[in-house]
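# Overview (structure and organization)
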Amino acid sequence: MPAVLSLRRALRHLALLGGVGLLAPAAWAVPAAAAPAVVASTVPPAKQALIDRLLTLWHPEQVAMLMVQRPAADAVQHSRIALQGRVSAEKLESTMKGIAGDAKAYLDVATPIAQAAGQAAARSTAVPLLAEQFSEDELRALIAILEAPVRQKFEKLAPNIEGAVGAEVARQAGPAIQPPLDKMKQEVAGKLRAAAMTR
């Protein structure tokens, strides 16, 4: 399940930054003419069944979820950065709680819209492209790869491996990385404060 696995990784990573998502909000403004042309064609029933099975394993429509989540991630992350050092810790947390609520309200509305659009887009774009580019034998091979027990076992273990690697990196490199990280944060906060004072 590559797309699902990538989504989970993206969500885990961006959750550490105070939000979730991956693609820029500007992606919503891309004109239809910029999208790749997909020629609609009749797909034989046997091939369509294989494509349907592939899509249930792959979930390319999840890109819509990443697109809809990015503005919420940006709002939360940028707000916290803008407020740090400018308000008290209590005010920061209460304001961020309100902003998180606003982001959640947006996601509650936008998520079902994005899910429906993603599923429709997968049907209108992925199906004809897969039908054109892959034979039935190739589709069966892809499905076999995605359904392989060893792949599923690896994908279940992958988060534990990534967590262990991250923890070891933090242990080994954290003491050397933390001082320049703190310095960067202080300099960014100082520049934000100076910019706000000279408006």
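This write-up is about the structure you can find in this document. Here the structure is a predicted model, which is why all the values come from computation and not from measurement.

For the rest of this paragraph, the subject is the overall build of the chain. From N to C terminus, the chain includes six helices and zero strands. About 12,900 Å² of surface is accessible on the chain, with carbon and sulfur atoms providing 66% of the total.

What follows covers the pattern of salt bridges. For the structure shown, the criterion picks out nine salt bridges. For Glu136, the salt bridge identified is with Arg140, shortest N-O distance 3.3 Å. Of this pair, Glu136 and Arg140 both sit in helix H5 (residues 136-147), four residues apart, roughly one helical turn. Given a relative accessible area of 26%, Glu136 falls into the partly exposed group. Judged by its relative accessible area of 40%, Arg140 is partly exposed. Notably, a salt bridge pairs Arg171 with Glu168, separated by 2.6 Å at the nearest N-O pair. On the criterion of helical spacing, the pair formed by Arg171 and Glu168 is a turn pair, its members being three residues apart in helix H6 (residues 149-197).

The next thing to look at is a nonpolar patch on the surface. Residues Phe154, Leu157, Ile161, Val165 and Val169 make up a contiguous nonpolar surface patch of about 440 Å² in total accessible area. Relative to the helices and strands, Phe154 is located in helix H6. For Phe154, a relative accessible area of 48% corresponds to the partly exposed category.

Criteria and thresholds
Residues numbered from 1 in each chain as written. Predicted model: local features only at pLDDT ≥ 70, side-chain atom pairs only at ≥ 80, totals over all residues. Heavy atoms only, no water. Helix = DSSP H or I, 4+ residues; strand = E, 2+ residues; numbered from the N terminus. Areas by Shrake-Rupley, 256 points an atom, 1.4 Å probe, with all protein chains shown as cover. Salt bridge = Lys/Arg side-chain N within 4 Å of Asp/Glu carboxyl O. Buried < 20%, exposed > 50% of the residue type's maximum accessible area, 1.4 Å probe, protein only. Patch = residues over 30% accessible without salt bridge, like charges linked within 9 Å, V, L, I, M, F, W, Y side chains within 5 Å.

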